[in-house]
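Architecture and fold: a report
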Amino acid sequence: MTGSFPDTRGELDRQFGAVWGSDVSSETSETLKGRQNYPAGPLGGALDCAVLAGPTESRTICIWADGTTVGGVIDGKGETSPEDLAKRTLEIRTAVEVKVRD
């Protein structure tokens, strides 16, 4: 998403809270586990990752936010650790987002 996101930490809270606001999604019965902050890379902002633990399987999700962009990456098979998905998310972010010169 693009727009104006002056409170990056608040935006991450909103994004994670949109589905997992009470740590359990009523839509998917997934529980949000182990949400952690990771380095957001040279473009700045904030990056959090967590595991979505479901009744039969788990997925890993990372979401970043900066002043103008919010994006996310989900490992739908749950085969990637949050640390590894954070690294992959930064690679994807670098490929899709460029810093605007002032």
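Below or above, wherever it landed, is the structure these notes cover. Here the structure is a predicted model, which is why all the values come from computation and not from measurement.

1. Some remarks on helix α2 (residues 82-96)
Compared with the 21 Å implied by 1.5 Å per residue over 15 residues, the 20 Å span of α2 between its first and last C-alpha is a close match. Considered for burial, the residues of α2 that qualify are P82, L85, A86, T89 and R93. For α2, the angular spread of buried residues about the axis comes to 105°, placing them on one side. Facing away from the buried surface of α2 by more than 90 degrees, the exposed residues are K87, T94 and A95. In the core, the buried residues of α2 are packed alongside β1 (31-38), β2 (46-53), β3 (58-65) and β4 (70-75).

2. Concerning the nonpolar core
Listed in full, the eleven residues of the largest apolar core are F5, L12, F16, L32, A46, A50, L52, I61, I63, A65 and V70. Put simply, the parts of the chain that give this core at least two residues each are α1 (8-20), β2 and β3. If sequence neighbours within four positions are ignored, A50 has contacts with F16, L32, K33, G34, R35, R59, T60 and I61. Counting nine residues, the second largest nonpolar core, distinct from the first, contains A40, C62, W64 and A86.

3. A few points about the pattern of salt bridges
Pairs can form between side chains of opposite charge whenever their charged atoms are close. For the structure on display, the rule yields six salt bridges. One salt bridge in this structure joins R14 and E11, with 3.0 Å as the shortest N-O distance. In this pair, R14 and E11 are both assigned in helix α1, three residues apart and thus about one turn of the helix distant. The class of E11 is buried, set by a relative accessible area of 7%. In this structure, D48 and R35 form a salt bridge, with 2.8 Å as the shortest nitrogen-oxygen distance. You can see D48 sitting in strand β2 and its partner R35 sitting in strand β1, a full 13 residues away along the chain. By relative accessible area, which is 3% here, D48 ends up buried. Note on R35: relative accessible area 30%, which makes it partly exposed. Each of R9, D13, R35 and D48 takes part in a single network of salt bridges with overlapping partners.

4. Side note on the pairing of β4
Note that β3 and β4 share six bridges and pair antiparallel. Among the inter-strand pairings, C62 is bridged to a residue of β4, identified as V73. Where β3 folds back onto β4 in an antiparallel hairpin, the turn is made up of four residues.

The rules behind these values
Residues numbered from 1 in each chain as written. Predicted model: local features only at pLDDT ≥ 70, side-chain atom pairs only at ≥ 80, totals over all residues. Heavy atoms only, no water. Helix = DSSP H or I, 4+ residues; strand = E, 2+ residues; numbered from the N terminus. Expected span 1.5 Å × (residues − 1). Buried < 20%, exposed > 50% of the residue type's maximum accessible area, 1.4 Å probe, protein only. Arc of directions from axis to C-beta. Contact = heavy atoms within 4.5 Å. Core = buried A, V, L, I, M, F, W, Y, C linked by side-chain atoms within 4.5 Å. Salt bridge = Lys/Arg side-chain N within 4 Å of Asp/Glu carboxyl O. Pairing = 2+ DSSP bridges.

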